[in-house]
Amino acid sequence: MNLSNNGHYVIKVRIANFCGLSLGIQNVLSLNADDIGNCLQEIRTHSDFPYVYLLSKKQLKGVFELLSELRSIRSTCFPHALFLIDNDEVTLEEPLLDDVDLDIFQLKTQDSAKISEKIVAYAQAKFSFDHRKLEISNPKKLLDYVDVLIVGAGVTGLYAANKLQSSKLSFCVVEQKDKVGGIWSTYANRTSQVNTSEAAYRLVEKAYRSNRDHSTTREILEDIAQLSDNVAGNLYLETKVDSIRKIDGSYIINATRNRESYQITCRGVILAINDRVGMPREIVWENQDNYQGLIIPGISNAVDDIDWKNQKVAIVGMGAFAVENARTALEGGASHVTVVCRRHGTVCPKIIDYLNFTTPYDEEFKHDKKSNMRNMLFWKKLYDHSGAKQPECWMGKVKHDGHTISVSDIWFIGHFLKKLETVSGVVSGMYENGLIVDENNRVEADIVINCIGFQRNASHVSEICDYTITHTNNFLDKNFMYLADAHIDDDAFNSLFGSSVLEMVKFYLDVYLYFFDNEAYDSMIRSDGIDTIAIPDRKWSDYISAAAALMNKYPDIYEKAKRQVAERTGNFLEAHDLQTYIAANRREWIDTHSLLAGKSMKAEDCLPYVFEKLIKNH
């Protein structure tokens, strides 16, 4: 079912229909509760939307058996609600439900129209995130002393706070904005998804119903709200750090909150202020006033009210937000999308990103070269079949310096169906119907979306403290860590962190706690492989090489890294074993063709799905 929450933005939900009613709406999966084996297999291949189940009393036994199986693997297909259609009141005495977040509705009707209305109303309320959850109120005054001060309440800062809460260190988190969430609450769109596979960006370990793969903004914000609630008594919003000084081995922080000045003494500091994503870049093109269409930014939900149907769309830029907006426009019914870019960024199909995290590592956290080459050859074959233009750096490098790798299946399908194309060049101006590229190439567009990136934010560090140099393992000083993303250089994803900055954060939080007030810090910071670099020059490869040096010298750090990778891989394979993942991805592949084509598509008419052969070799 596709539900419009505000006229154009679509909420997606799937109905597992066990009672055989004909609902006449989209995304209904008809299932037989008497055949749990087939139910489990079928439902797991439709894991892209959140679920509600529709059933009657006589299906309860089979459905509860199915729920038990789904819970055991923390499947995202575990429903959010059960809708019961029996006329008589049904008593549910089921231990499985004692500790789960599961809404139960007894409709006492079999009228399809009324049932659909109830599910629509529920989904609109349930799957629209309430941003007020991010406005954490804490009436307490700032403490004079804590062991560790965390600056920034984005994903990194909140995850660090929850990690410290499980230690014996006191802490507080200060955030200058009026809400938590950082980039996710400030710049993400409702249609955004995590650009890495789910278990490598898992903020909360759940007993059941893990987030969906490439988790949505709503899911991440719900997790952020939970992390915030966990540490609410130690979290202070609208608190600006004015300065950080080191005096006699302690750190003195001057801060302002509600126009009142505070001084906090602490043994340690974690700067969790973003580096790579600062203020959005702005641009005005020549003759922009002559353009007759819409110009909108591709961030912060600016596209929510856009009706994409039959529109020609031009997107400027080719980073993650550009690829995301291309997907959003195509799913919304745009007739054609043109992406204008200076150079072609690397776009990765979902299965390749999955394999990057589930393929076994060797003892140095490297993938087997044969596996890497095999995956690259399938990836290149997909580019060739789809007609999408390969990155100019291929195949010498997997990506351009400074670029991320975007994950998107629709990128290749859209190219195959001739609904998506890229134009390389620089926007030199506008005319009444679109963009002018390289002075004379005209790109017609009803809607232009700016996805031109962000300013770096690394300079903010020197604005609040005297440090201009950092060690490559993220330490500015003893007990003082700058824990943030960095410039994504050439070899950024060839490590135990994969493409996930959160995996880096988890590793270095373990490092931070291991060396906190530890006499070994002084020798560690002088170790081979631990270098210094100017803060604005930080790169992924710096903290990757420093991680290798730490693991080489400290067996405890190495063992922590092994556990981290093992847990992450186990989480993936628990909910998505390779065969199930490919079955789901294969099904979604064909559905996406049908969506973009506006008609049912057969597999033989689609872009060839080349990845099934990977099962035999993985």
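All residue numbers refer to positions counted from 1 along the written sequence of the respective chain. Thresholds applied to this predicted model are a pLDDT of at least 70 for local features of residues and 80 or more for the giving and counting of side-chain atom pairs; totals over whole chains, interfaces and linings are not thresholded and use all residues. Water and hydrogen atoms play no part in the side-chain values, which are based on all heavy atoms of the structure.

Participant: Mind showing me how you'd approach the packing of aromatic side chains here?
Facilitator: We describe a pair of aromatic rings using the distance from one ring centre to the other and the angle between the two ring planes. What counts as a ring pair is set by centres within 6.5 Å for rings of Phe, Tyr and Trp (its six-membered ring), and what kind of pair is set by the plane angle: stacked under 30 degrees, edge-to-face over 60, tilted for all other angles. Applying the stated criterion to the full structure yields 35 aromatic pairs. Ring geometry for W540 versus Y543: centroids 5.7 Å apart, planes at 50°, classification tilted. On the criterion of helical spacing, the pair formed by W540 and Y543 is a turn pair, its members being three residues apart in helix α14 (residues 540-553). The same class applies to W540 as to Y543, namely buried. Members of the aromatic cluster, each reached through a chain of ring pairs, are F497, F507, Y508, W540 and Y543. Charge-over-ring placement is defined geometrically: NZ (Lys) or CZ (Arg) within 6 Å of the ring centre, and within 35 degrees of the ring normal. A cation over an aromatic ring shows up here: R442 above the ring of Y431, its NZ or CZ 4.4 Å from the ring centre. Numbering of helices and strands runs from the N terminus, with a helix taken as a DSSP run of H or I at least four residues long and a strand as a DSSP run of E at least two residues long. Relative accessibility decides the category of a residue: with a 1.4 Å probe and only protein chains considered, values under 20% of the type maximum give buried, values over 50% give exposed, and everything between is partly exposed.

Participant: Where do I start with the nonpolar core in this structure?
Facilitator: Nonpolar side chains tend to gather and get buried jointly when the protein is soluble and globular. Judged by nonpolar contacts, the single largest core of 68 residues is most densely connected at I150, I224, F497 and Y508. For this core, the secondary-structure elements that each account for two or more residues are β8 (145-151), α4 (155-165), β9 (171-174), α6 (217-230), α12 (501-514), α13 (521-525), α14 and α15 (555-575). Should any heavy atoms of two residues lie within 4.5 Å, those residues are counted as being in contact. In contact with I150, other than residues within four places in its own chain, are G157, A160, A161, L164, F171, C172, V173, V174, I270 and A272. Among the nonpolar cores identified, the runner-up in size contains 58 residues, and A329, V337, C341 and M376 belong to it. Side-chain atoms within 4.5 Å are what join buried Ala, Val, Leu, Ile, Met, Phe, Trp, Tyr and Cys residues into a set we call a nonpolar core.

Participant: Looking at this model, I keep getting lost on the environment of K613. Mind explaining?
Facilitator: Looking at the secondary structure, you find K613 in the loop between α16 (578-597) and α17 (614-617). Along the sequence, K613 and D304 sit 309 residues apart, while their C-alpha atoms lie 39 Å from each other.

Participant: Any chance you could explain α12 here in plain terms?
Facilitator: The α-helix advances 3.6 residues per turn, and as a result positions three or four apart in sequence lie on the same side. To estimate how far a helix should reach, multiply one less than its number of residues by 1.5 Å. Its 14 residues give α12 an end-to-end C-alpha distance of 20 Å, which sits within 8% of 20 Å, the value for a rise of 1.5 Å per residue. For α12, a buried count of 11 out of 14 residues is recorded, marking the element as mostly surrounded by other parts of the structure.

Participant: Would you take a moment to explain the side chain of D48 for this structure?
Facilitator: By the secondary structure assignment, D48 is in the loop between α1 (36-44) and β5 (51-55). When its relative accessible area of 18% is taken as the criterion, D48 is described as buried. Polar contacts, as counted here, are pairs of nitrogen or oxygen atoms within 3.5 Å of one another; within protein the pair requires one atom able to donate a hydrogen and one able to accept it, and residues that are adjacent in sequence qualify only if both atoms are side-chain atoms. Side chain to side chain, D48 and R14 meet in a polar contact 2.9 Å long. A polar atom in the side chain of D48 sits 3.2 Å from the side chain of R587. Beyond its immediate chain neighbours, meaning those up to four positions away, D48 contacts R14, R212, R587 and E588.

Participant: I keep staring at the packing of α14 against α15 and nothing clicks. Help me out?
Facilitator: Two quantities define a packed helix pair, namely the angle between the axes and the distance from one axis to the other. One way to put it is that α14 packs onto α15 with a least axis distance of 5 Å and a crossing angle of 120°. At the point where α14 passes α15, the crossing takes the left-handed sense. Contact with α14, carried on its side by L550, M551 and K553, involves P555, I557, Y558 and A561 of α15 and no other residues of that element. With axes taken as lines fitted to C-alpha atoms, and helix axes fitted only over the stretch in contact, angles between N-to-C directions fall between 0 and 180 degrees. The handedness criterion is simple: a crossing whose near helix is rotated anticlockwise from the far helix by less than a right angle is left-handed, and one whose near helix is rotated clockwise is right-handed.

Participant: Which parts of the structure should I look at to understand the packing of α4 against α6?
Facilitator: The contact between α4 and α6 brings their axes to 9 Å, and the two run at 40°. Of the possible angle classes, the one that applies to α4 and α6 is oblique. The two elements α4 and α6 cross, and the hand of that crossing is left-handed. Residues V155, L158, Y159, N162 and Q165 of α4 pack against I224, L227, S228 and N230 of α6. Residue composition of the contact of α4 with α6, grouped by class: five nonpolar, four polar and no charged. Note on angle classes: values under 35 degrees are labelled roughly parallel, values over 145 roughly antiparallel, values of 65 to 115 roughly perpendicular, and the remainder oblique. Residue classes follow a fixed rule: Ala, Val, Leu, Ile, Met, Phe, Trp, Tyr, Cys and Pro count as nonpolar, while Asp, Glu, Lys and Arg count as charged, and any other residue, Gly among them, counts as polar.

Participant: I would appreciate a short explanation of empty space enclosed by the protein in the present structure.
Facilitator: The gaps of empty space that remain are located by a probe, the size of a water molecule, rolled over the atoms. Think of a 1 Å grid over the protein atoms and nothing else: a 1.4 Å probe that fits but is trapped marks a cavity, an open set flanked by protein within 12 Å on at least five of seven lines marks a pocket, and residues with an atom within 4 Å of a point count as lining. Grid points are joined across faces, edges and corners, and a volume is the space filled by probe spheres set on the points. Counted according to the given criterion, the structure contains three cavities of 30 Å³ or more. Approximately 50 Å³ is the volume attributed to the largest cavity. Forming the boundary of the largest cavity are R44, S47, S75, T76, C77, A575, H576 and T580. Along the lines of polarity and charge, the residues of the lining of the largest cavity split into two nonpolar, five polar and one charged.

Participant: Please explain the sheet that holds strand β19 (residues 420-424) as it appears in this structure.
Facilitator: Backbone hydrogen bonds are what pair the strands of a sheet, in a parallel or an antiparallel way. By this definition, two strands are paired if DSSP reports at least two bridges between them. The five strands lie next to each other as β14-β23-β15-β16-β19, forming an open sheet whose pairing is parallel. Each of the sheet's edge strands pairs with one partner strand only, and the pair in question is β14 (294-297) and β19. Here the average twist between neighbouring strands, direction ignored, is 20°. Where β14 and strand β23 (residues 447-450) come together, four bridges link them in parallel fashion. In the strand pairing of β23, P297 is matched with N450. Together, β15 (312-316), β16 (336-341), β19 and β23 form the strand contacts of helix α7 (residues 320-331), whose direction differs from that of β15 by roughly 170°.

Participant: Got a minute to help me understand the pattern of salt bridges in this structure?
Facilitator: Pairs can form between side chains of opposite charge whenever their charged atoms are close. In the sections that follow, a salt bridge refers to a side-chain nitrogen of Lys or Arg positioned within 4 Å of a carboxyl oxygen of Asp or Glu. Within this structure, the stated rule accounts for 32 salt bridges. The salt bridge partner of D384 is K380, with a shortest N-O separation of 3.3 Å. Separated by four residues within a single helix, D384 and K380 lie in helix α9 (residues 369-386), roughly one turn from each other. Here D384 falls in the partly exposed class, since its relative accessible area comes to 47%.

Participant: Looking at this structure, I do not really get the sheet that holds strand β7 (residues 103-106). What am I missing?
Facilitator: Strand order in the open sheet formed by five strands is β4-β3-β5-β6-β7, with parallel pairing between adjacent strands. The open sheet terminates on both sides in strands that have one partner only, identified here as β4 (28-30) and β7. Averaged over all neighbouring strand pairs, the angle between strand axes comes to 20°, with direction disregarded. Helix α3 (residues 112-126) contacts β3 (14-17), β5, β6 (81-84) and β7 of the sheet and is inclined by roughly 165° relative to β6.

Participant: Hey, could you run me through the side chain of T216 in this one?
Facilitator: Structurally, T216 can be placed in the loop between α5 (183-186) and α6. What T216 contacts, discounting residues up to four positions off in sequence, is S192 and Q193.

Participant: Help me understand α15, please; the structure alone is not making it clear to me.
Facilitator: With 21 residues, α15 should reach 30 Å at 1.5 Å per residue; the first-to-last C-alpha distance of 31 Å fits that figure. Among the residues of α15, I557, Y558, A561, Q564, V565, R568, T569, N571, F572 and A575 are the ones counted as buried. Taken down its axis, α15 places every buried residue within 160° of arc, on the same side. Seen from the open side of α15, the exposed residues pointing more than 90 degrees away from its buried face are P555, A566 and E567. The directions considered for the arc are those from the helix axis to the C-beta atoms.

Note that all results are geometric; they support no functional claim without further evidence.
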